[in-house]
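Secondary and tertiary structure notes
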Amino acid sequence: MRLFLILACFVSLPAFGQTTMSGEEFDRYTQGKTLFYGQQGQAYGVERYLPDRRVIWSFLDGDCKKGIWYEREDSQICFLYEDRLDPQCWSFSQGPHGLIARFENNLEATELYEAEDIGEEMLCYGPDVGV
């Protein structure tokens, strides 16, 4: 419930006029953090940022995917995850309440907002084990 209330505060925040972060700025901001993201007032996912541009992503379902990120020439930050071969590229800017991520820098596409620290941990369950 707390996560929903925090995310609801960011629904109408505009991303216009903010400068796109470089890979160095993004790394400096994120490294060592676990950030929760929301979209349109709903929880979207969580990502843990590790050294050497490594990440762990989850859609908050306990299914975590390891990956890496890199910066493209156009300053987009692209993520490659263990279950996908196609890069997921985002432009990041820093708003008054945290990161704003725009998928493929497209104003019509998915836009995520960093949620404030909600005091929750990222849950990753082990692989499915059959009998």
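All of the points below concern the structure found in this document. (Residues numbered from 1 in each chain as written. Predicted model: local features only at pLDDT ≥ 70, side-chain atom pairs only at ≥ 80, totals over all residues. Heavy atoms only, no water.)

Examined bridge by bridge, strand β1 (residues 34-39) and strand β2 (residues 42-50) share six bridges and lie antiparallel to one another. Counterpart to Tyr37 in the pairing with β2 is Gly45. The antiparallel hairpin formed by β1 and β2 contains two residues in its connecting segment, where Gln40 sits at a positive phi of about 50 degrees. (Pairing = 2+ DSSP bridges. Helix = DSSP H or I, 4+ residues; strand = E, 2+ residues; numbered from the N terminus.)

Formed by 18 residues in total, the largest nonpolar core has its most connected members in Phe26, Tyr37, Tyr49, Phe79, Trp90, Phe92 and Leu99. Discounting residues that sit within four places of it in the chain, Leu99 has contacts with Met21, Phe26, Tyr29, Thr30, Leu35, Tyr37, Phe92, Ser93, Leu112, Tyr113 and Glu114. Phe36, Val46, Ile56 and Ala115 belong to the second largest nonpolar core, which has six residues in total. (Core = buried A, V, L, I, M, F, W, Y, C linked by side-chain atoms within 4.5 Å. Buried < 20%, exposed > 50% of the residue type's maximum accessible area, 1.4 Å probe, protein only. Contact = heavy atoms within 4.5 Å.)

The next subject is the state of the cysteines. Simply put, the disulfide is a covalent bond whose two ends are the sulfur atoms of two cysteines. What the rule picks out here adds up to two disulfides. Here Cys64 connects covalently by a disulfide to Cys124, the sulfurs 1.9 Å from one another. Its S-S torsion of about -90 degrees marks the bond between Cys64 and Cys124 as left-handed, since a negative value means left-handed. Linking Cys64 in strand β4 (residues 64-71) with Cys124 in the segment after β8 (111-114), this pair joins segments that are 60 residues apart in sequence. A residue is classified by how much of its surface remains accessible, and Cys64, at 16% relative accessible area, is buried. Counting only the cysteines that form disulfides, in the order they appear in the protein chain, gives the pairing 1-4, 2-3. (Disulfide = S-S within 2.5 Å.)

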